[in-house]
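Here's the letter readout for the chains.
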Amino acid sequence: MSDQENHETPMDPVEKPENENGEAELGVVMTIEEFDHFQAELESARVEAQKNLDGWQRAQADYNNLRRRTDQEREQMRNDLTGKILTPFLDVLDDLELAVKNRPTDGQDNGWGEGIELVYRKLLGKLEAQGIRKMEADGQEFDPNLHEAITHEQNENYDSGSIIAVVKPGYVIGDRVLRPAMVRVAA
């Protein structure tokens, strides 16, 4: 018998031997139609698996974007709330700063002046701990988003548009302006 005659072709059904329980054992030989059917099922499963993977990756990206946006909104809400609560204290801070600047220098009531300065530094420290910062505006270029001009003056020492003096300091929390600085601007 030739080698070719010993091998069964996939087209020929194979008689499957029975095991000791009388059940047919599964063989590895199948028809071309069965093979094509399984090949089509495998390809269909691969396509569905890729579709599921793509959907999962999109859902994961959407979730990460949502989480990042929620974190940003939460931080913005915290800053807004802190700003609303603490903005009224800025006027108190201004008055304390003015009292410190104009404290008596003749030696009398020196304890009073030191007490006022201590209260001023303590309040400023508490506000800074909440993220509120005083704007630095002296000598900078005027920016209507950060500053409120109360006068425009001729001044040889400053370029046009530069801030000559800060009349009332401005404050920010994060990137948000709580109160613009009131300034005198060189014309």
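Before any of the text, the structure's been laid out above.
> Would you mind going over the side chain of glutamate 97 in detail, with residue names and values included?
Along the chain, the position of glutamate 97 falls in helix H2 (residues 32-101). A relative accessible area of 13% means that glutamate 97 is categorised as buried. Beyond its immediate sequence surroundings of up to four residues, glutamate 97 is in contact with Tyr120, Lys134 and Pro169.

> Give me the lowdown on the layout of surface pockets, citing residues and values where you can.
Rolling a probe over the atoms, with the probe sized like a water molecule, indicates the empty space that remains. As a volume, the largest pocket reaches approximately 280 Å³. Looking at the largest pocket, it is lined by 15 residues, and the ones nearest its centre are Glu97, Lys101, Lys134, Val166 and Pro169. Sorting the residues of the lining of the largest pocket by element identifies H2 and strand S3 (163-168) as the ones contributing at least two each. At four residues, H2 tops the list of elements feeding residues into the lining of the largest pocket. Looking at the lining of the largest pocket, its residues break down into seven nonpolar, one polar and seven charged.

> Tell me about the sheet that holds S3, and please be specific about residues and values.
If you walk across this open sheet you meet the three strands as S2-S6-S3, and the pairing is mixed. With one partner strand each, in any of the chains shown, strand S2 (147-153) and S3 form the two edges of the open sheet. When the angles between neighbouring strand axes are averaged without regard to direction, this sheet yields 30°. The pairing of S2 with strand S6 (residues 181-186) spans six bridges and is classified as parallel. Directly across from glutamate 148, in S6, lies its bridge partner methionine 182.

> Break down the environment of leucine 127 for me, with residues and values.
Structurally, leucine 127 is set in helix H3 (residues 110-129). Residues leucine 127 and threonine 82 lie 45 residues apart in sequence; the distance between their C-alpha atoms is 9.5 Å.

> Break down the sheet that holds strand S1 (residues 132-134) for me, citing the residues and quoting the values.
Ordered in space as S1-S4-S5, the three strands form an open sheet in which the pairing is antiparallel. Only two strands of the sheet have a single partner each, and these edge strands are S1 and strand S5 (176-179). In this sheet, neighbouring strand axes are inclined to one another by 35° on average, regardless of whether the strands run parallel or antiparallel. Relative to strand S4 (residues 171-173), S1 runs antiparallel, the two sharing three bridges. Opposite arginine 133, over in S4, you have valine 172 as the bridge partner. Strands S1, S4 and S5 of the sheet are contacted by H2, whose axis makes an angle of about 35° with S5.

> For H2, give the residues involved together with the corresponding values.
Its 70 residues place the ends of H2 98 Å apart at the C-alpha level, agreeing with the 104 Å of an ideal helix rising 1.5 Å per residue. Inspection of H2 places Asn79, Thr82, Gly83, Leu86, Leu90, Leu93, Asp94, Leu96 and Glu97 among the buried residues, and these make up the whole buried set.

The rules we used
Residues numbered from 1 in each chain as written. Predicted model: local features only at pLDDT ≥ 70, side-chain atom pairs only at ≥ 80, totals over all residues. Heavy atoms only, no water. Helix = DSSP H or I, 4+ residues; strand = E, 2+ residues; numbered from the N terminus. Buried < 20%, exposed > 50% of the residue type's maximum accessible area, 1.4 Å probe, protein only. Contact = heavy atoms within 4.5 Å. 1 Å grid on protein atoms, 1.4 Å probe; cavity = no way out; pocket = protein on both sides within 12 Å on 5 of 7 lines; lining within 4 Å. Points joined across faces, edges and corners; volume = space filled by probe spheres on them. Nonpolar A, V, L, I, M, F, W, Y, C, P; charged D, E, K, R; others polar. Pairing = 2+ DSSP bridges. Axes fitted to C-alpha atoms, helices over the stretch in contact; angles between N-to-C directions. Expected span 1.5 Å × (residues − 1).

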